[in-house]
Amino acid sequence: MSVSPYDREADSTDKTDKSAVIAAEQRYVSQLYAKLDAERELVARRLDETLRNGGGPPQAQAEREAATATYSDRLAQLNSVEQGLCFGRLDFTEGHDGDSPIYIGRLGLFDESDDYRPLLVDWRAPVARPFYLATAASPDGVRRRRHLRTLTRRVVGVDDEILDIGSAGESDHLGLAGEAALLSALERRRTGEMSDIVATIQAEQDRIIRADMNGVLVVQGGPGTGKTAVALHRAAYLLYTYRRQLTTRGVLVVGPNSTFLRYIGQVLPSLGETGVLLTTIGELYPGLEATGAESPEAAEIKGRLTMVDVLTQAVRDRQTVPDDVLEIDVEGEVLTLDRRTCERAREKARRTLRPHNVARRVFVDTLLDALAAQSADRLESDVLDDVPDIPLAEDETDEGDLLDARDHAAIRQELAEDDAVRAALHALWPKLTPQELLSDLLTDAERLESATLGHLTDADRDALLRPPGSLWTPADVPLLDELAELLGEDDTEARERRARREREERAYAEGVLHVLEQDDEIIDEEMIRVRDVLDAELLAERQEARSALTAAQRAAQDRTWTFGHVIVDEAQELSAMDWRTLMRRCPSRSMTIVGDVSQTGSRAGTSAWADVLSPYVGDRWRLRELTVNYRTPAEVMDLAAGVLAEIDPGLRAPTSVRDTGVPPWQRSLDRSAVVTEISSIVDAELAEVDGGTVAVVVPGGLEAAVAGELAGAGGTTAEDDNPRVSVLTVERAKGLEFDSVVVVAPDEIVAESPRGLNDLYVALTRATQRLGIVHTGAPIEALSGAQSAR
Ligand SMILES: Nc1ncnc2c1ncn2[C@@H]1O[C@H](COP(=O)(O)OP(=O)(O)OP(=O)(O)O)[C@@H](O)[C@H]1O
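What counts as what
- Residues numbered from 1 in each chain as written.
- Predicted model: local features only at pLDDT ≥ 70, side-chain atom pairs only at ≥ 80, totals over all residues.
- Helix = DSSP H or I, 4+ residues; strand = E, 2+ residues; numbered from the N terminus.
- Buried ≥ 20, exposed ≤ 12 C-beta atoms within 10 Å, placed from the backbone.
- Contact = placed C-beta atoms within 7 Å.
- Core = buried A, V, L, I, M, F, W, Y, C linked by C-beta atoms within 7 Å.
- Pairing = 2+ DSSP bridges.
- Axes fitted to C-alpha atoms, helices over the stretch in contact; angles between N-to-C directions.
- Parallel < 35°, antiparallel > 145°, perpendicular 65-115°, else oblique.
- Nonpolar A, V, L, I, M, F, W, Y, C, P; charged D, E, K, R; others polar.
- Near = placed C-beta within 6 Å.
- Right-handed = clockwise from strand over helix to strand, strands pointing away.
- Left-handed = near helix turned anticlockwise from the far one by under 90°.
- Expected span 1.5 Å × (residues − 1).
- UniProt positions renumbered as here; feature names shortened; annotations may be inferred.
- pLDDT = per-residue confidence, 0-100.
- Arc of directions from axis to C-beta.

By the naming in an unreviewed UniProt entry, the protein goes by HelD family protein and is assigned to Prauserella oleivorans.

Caption draft 1: Here's a closer look at the overall build of the protein. Counting its secondary structure elements, the protein contains 31 helices and 22 strands. Buried positions account for 38% of the 790 residues belonging to the protein. Contacts in the protein between residues far apart in sequence, at least 24 positions, make up 76% of those at least 6 positions apart.

Caption draft 2: Geometry of the nonpolar core. Among the nonpolar cores identified, the biggest contains 166 residues, and Ala 235, Val 696, Val 697 and Val 744 are the most heavily contacted of them. The dominant element in this core, judged by the number of residues it contributes, is helix α6 (residues 227–241), at 9 residues. With near-sequence residues (within four places) excluded, Ala 235 lies in contact with Val 251, Val 253, Leu 268, Glu 273, Val 276 and Ile 567. Core analysis: the next-biggest nonpolar cluster, separate from the first, contains 18 residues, Ala 359, Phe 363, Leu 367 and Val 421 among them.

Caption draft 3: Structural detail: the sheet that holds strand β5 (residues 142–151). Within the open sheet, the 6 strands sit side by side as β3-β4-β2-β1-β5-β6. Their pairing is mixed. In this open sheet, the two edge strands, each paired with only one partner strand, are β3 (109–111) and β6 (154–162). In this sheet, neighbouring strand axes are inclined to one another by 20 degrees on average, regardless of whether the strands run parallel or antiparallel. Both strand β1 (residues 86–92) and β5 contribute to a ladder of 5 bridges, which runs antiparallel. In the strand pairing of β5, Gly 88 is matched with His 147.

Caption draft 4: Quick peek at the packing of helix α26 (residues 634–647) against helix α31 (residues 756–764). Interhelical geometry of α26 versus α31 gives an angle of 170 degrees and a closest axis separation of 9 Å. In terms of axis orientation, α26 runs roughly antiparallel to α31. For the pair α26 and α31, the contacting residues are Val 636, Leu 639, Ala 640, Val 643, Leu 644, Glu 646 and Ile 647 in the first and Leu 757, Asn 758, Leu 760, Tyr 761 and Leu 764 in the second. Of the residues in the contact of α26 with α31, the class split is 10 nonpolar, 1 polar and 1 charged.

Caption draft 5: Just the site of the ligand, in detail. Near the ligand you find 24 residues, and of these Pro 223, Gly 226, Lys 227, Thr 228 and Tyr 630 are the closest. Of all the secondary-structure elements, those providing two or more residues to the shell around the ligand are α4 (179–187) and α6. Here the residues of the shell around the ligand sort into 8 nonpolar, 12 polar and 4 charged.

Caption draft 6: Just the pairing of strand β13 (residues 591–595), in detail. In terms of residue burial, β13 counts as a mostly covered element, since 5 of its 5 residues are buried. Burial along β13 is two-sided: Met 591, Ile 593 and Gly 595 facing one way and Thr 592 and Val 594 facing the other are all buried. Bridging between strand β7 (residues 216–221) and β13 involves 5 bridges; their strand directions are parallel. The residue bridging Leu 217 from the neighbouring strand is Thr 592, located in β13. For strand β12 (residues 565–568) and β13, the ladder comprises 3 bridges, and the chain directions are parallel. For Ile 567, the partnering residue across the bridge sits in β13 and is Thr 592. For the segment spanning β12, helix α24 (residues 576–584) and β13, crossover handedness is right-handed.

Caption draft 7: Focus on the sheet that holds strand β19 (residues 725–728). Taken together, 6 strands build an open sheet; the order of strands is β19-β18-β20-β21-β17-β22 and the sheet is parallel. Of all the strands in the sheet, the pair left with one neighbour each is β19 and β22 (787–788). The strands touched by helix α27 (residues 674–689) are β18 (694–697), β19, β20 (738–744) and β21 (767–775); relative to β20, the strand with the most contacts, the crossing angle is about 160 degrees. Where helix α28 (residues 700–710) meets the sheet, it contacts β18, β19 and β20, and its direction lies at approximately 165 degrees from that of β19.

Caption draft 8: Up close: the environment of Leu 186. With respect to the secondary-structure elements, Leu 186 resides in helix α4. Note on Leu 186: 17 C-beta atoms within 10 Å, which makes it partly exposed. For the pair formed by Leu 186 and His 565, sequence separation is 379 residues and the distance between their alpha carbons is 30 Å. When residues no more than four places from it in sequence are discounted, the contact partners of Leu 186 are Tyr 630, Val 657 and Arg 658.

Caption draft 9: Fine view of the pairing of strand β2 (residues 102–105). Of the two faces of β2, the one lined by Ile 102 and Ile 104 and the one lined by Tyr 103 and Gly 105 are each fully buried. Across 4 bridges, the pairing between β1 and β2 is antiparallel. What sits directly across from Gly 88, in β2, is Ile 104. Examined bridge by bridge, β2 and strand β4 (residues 117–122) share 2 bridges and lie parallel to one another. If you follow Gly 105 over to β4, its bridge partner there is Asp 122.

Caption draft 10: Looking closely at the packing of α27 against α28. In the contact formed by α27 and α28, the axes pass within 9 Å of each other and the chain directions differ by 50 degrees. For the element pair α27 / α28, the angle class is oblique. As for how α27 packs across α28, the hand of that crossing is right-handed. Residues Val 674, Val 675, Ile 678, Ser 679 and Val 682 of α27 form the contact with α28, whose participating residues are Leu 702, Ala 705, Val 706, Glu 709 and Leu 710.

Caption draft 11: Representation of α26 within the structure. Taking 1.5 Å per residue, 14 residues should reach 20 Å; α26 reaches 19 Å between its end C-alpha atoms and fits that length. Regarding α26, the residues found buried are Glu 635, Val 636, Met 637, Leu 639, Ala 640, Ala 641, Val 643, Leu 644 and Ile 647. Its buried side turned inward, α26 meets β15 (628–629), β16 (655–656), α31 and β21.

Caption draft 12: Main features of the environment of Ser 726. By secondary structure assignment, the location of Ser 726 is in strand β19. Its 25 C-beta neighbours within 10 Å are what place Ser 726 among the buried residues. Taking the C-alpha atoms as reference, Ser 726 lies 9.7 Å from Gly 192; in sequence the two are 534 residues apart. Here Ser 726 is in contact with Ala 695 and Phe 738, once residues within four sequence places are set aside.

Caption draft 13: Structural detail: the UniProt feature "binding site: ATP" (unreviewed entry) in the protein. Annotation from UniProt places "binding site: ATP" (unreviewed entry) at Gly 221, Gly 222, Pro 223, Gly 224, Thr 225, Gly 226, Lys 227 and Thr 228. Mapping Gly 226 onto the fold places it in the loop between β7 and α6. Note on Gly 226: 26 C-beta atoms within 10 Å, which makes it buried. With residues near it in sequence (within four places) discarded, Gly 226 still touches Ile 197, Gln 205, Leu 626 and Tyr 630.

Caption draft 14: Fine view of unusual backbone geometry. You will see that Glu 331, though not glycine, has its phi angle at about 45 degrees, which is positive. Considering the arrangement of structural elements, one finds Glu 331 in the loop between β10 (325–330) and β11 (333–338). Among the residues examined, Glu 331 registers 8 C-beta atoms within 10 Å and is labelled exposed. The backbone phi angle of Glu 570 is positive, close to 50 degrees, even though this residue is not glycine. Structurally, the position occupied by Glu 570 is in the loop between β12 and α24.

Caption draft 15: Representation of the confidence of the model for the protein. Residues of the protein with pLDDT of at least 70 account for 86%, and the chain-wide mean is 87. When the elements of the protein are averaged for pLDDT, helix α21 (residues 530–533) gives the smallest value, 45, and helix α11 (residues 307–317) the largest, 98. Predicted confidence for residues 519–534 stays below pLDDT 50, and this span has 12 contacts to residues more than four positions away or in other chains. In the predicted complex, the global pTM is 0.85; the interface-specific ipTM is 0.99.

Caption draft 16: Up close: helix α15 (residues 419–428). The set of residues buried in α15 consists of Val 421, Ala 424, Leu 425 and Leu 428. Taken around the axis of α15, the buried residues stretch over an arc of 95 degrees, which confines them to a single face. Exposed residues lying more than 90 degrees from the buried face of α15 are Asp 419, Ala 423, His 426 and Ala 427.

Shown next, in the form of structure tokens:
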């Protein structure tokens, strides 16, 4: 089908012609949807045909699988762009790239019948860039930027900006692009799920989204500056621009907790990208659920870099030697291992510098040799004892060569299989899993003391010690990961599986080449031979890329998987040990790290990016800053700025793009009255935000009582993924936002942690419309600007 070029009527910017403009744009947008439908239908039909044609030789099946994955992928992408397919249009000045406008949307659509004329340009394509960057002062050939507002498939409004020098002075001091569209996006009620910002990305954000993929890019910005949004759009941009590289290795996005991951979970699918693994650090160890809780002190200690030394020592402590002589009863015959022999074997094994479970082989082999020699000697002397002394002939020597090499090997083999020998060797140098070692370490005071001597204090040790059978916690995960390296996993099976898959893919590729070559011969003898341009290796790689949807899944099951790019959100919360784990997943150091050191709540978190990064990249990392707050209205931000000044007078809060005219309120209640009053407070807020969301942010000590009281408030059920009313501690609220926020007992929030003021700052800045404060103790000076409520 062909889509007719844009309608001249849509050129008008005269206000009286607005409905004609909308009607003209509607015609164009309707044609785009028709094109989208046609593509969808075509792909769905192809998918259907592929699925119906079952059977055939393995090669055909493999081809079908690849085609199925490709079509399913494309269909998912076409379905995901239904809402807001086209959101922008650029018109250029005469003489600049012709005078045709370009339409910008969530994916690219082309008119095949007209030499692939672009009908809709993907927002990530370089030609779409002026939509985000052009300003009146620097228009880059753009005459007009138009935002199209659509509801389902209907165009409901257009917002125009004329970019000429005359209007340069009028532009807002924050240099916003498409201000009207931006403000209407920011004013919308929150649903509990983050939305994409593809139609209103601002210039400072765009520069980060499209920054070069190589190296470590740190994005520092205050609350609400769009760090999360930027990080996710960057993932989508990188996948579009470096598709081949990234679909094979995958992109990893790390967030602070499962609530946050649920909140951001829809953004990438809405941008048509599904091949990204979203996870927390606690989920990074395959096959293990880190759902246990522990004290913030214990989590902080586990996050220290010194734990590497502790774990190294803990592993060495498991490589033991007997105090004196170890006796092993081998079917009635007592063999011995003395301390010196064992020490020599241990030294030899350690000198290999191999991980514990791998070096174990050297230790075991050496001791088996010693035991076998002892047993053979014993056998020989027993035999010789029974034989009467016969004088040696002149050419004979008494070399004791009664047993030959084969006999020695047989004895050794028998010993290697003997239960008593195996048990003795296992006791000296056990084969260990990370889980076994860590669990033994944390539940045994003696082991813990030995491993931590010189690294931790008695109080630290007391904080770490826990009862046997405790659940794994998120802070255990980096320790397990470190131990997996120190112990050396038995990954033979995984490697064999991978090698088998590679062999199969290569065999498949060889098959395809063979078929193509036959075609070559039939079609055109002169034609360039397929093998000249393609080889099996390359085809196999392509085959792997085609099953890209499973790259994230494969990565999730493989601890040693390394990603093409890693994005870390709320990165300030990560401990030094968390960073080690992540860096292992990204040897290329192609990373985007977003966070705000003023919001650090975790005791193990950071207050300076250089501190956490320098061990891995020195000073080879780039810093970009975001300065505009899109979430929190100015009235709320003014109050929060007072708290920020208490954290550090040198810090500057980001500038809010909008105000609401509604000042934050505060009131005081007896602590015991919070539970009885909270329902009416929340009901009043629900009424104010009319269909929006309310969060009550509480100190840990009040969470259960307040949550119990508010169960079911605002029609929320326990199973609701996006409740209208949420009760959260600051830790859980991090990264989220709500139309109205009520902060309860701010003094307790501050007192709860050494970084309590940071926590309070986070709590205040979750609000998109309204903020209320309920004091239960002495009011906090920095919050005195809030208006008193009854
Ligand atoms: N360019 C934009 N257009 C529309 N909305 C935007 C834009 N930038 C950010 N937002 C919105 O502002 C809000 C805050 O963004 P986001 O959560 O990414 O900020 P953040 O810097 O990660 O905040 P925090 O540090 O507090 O977690 C979100 O609702 C986001 O959609």
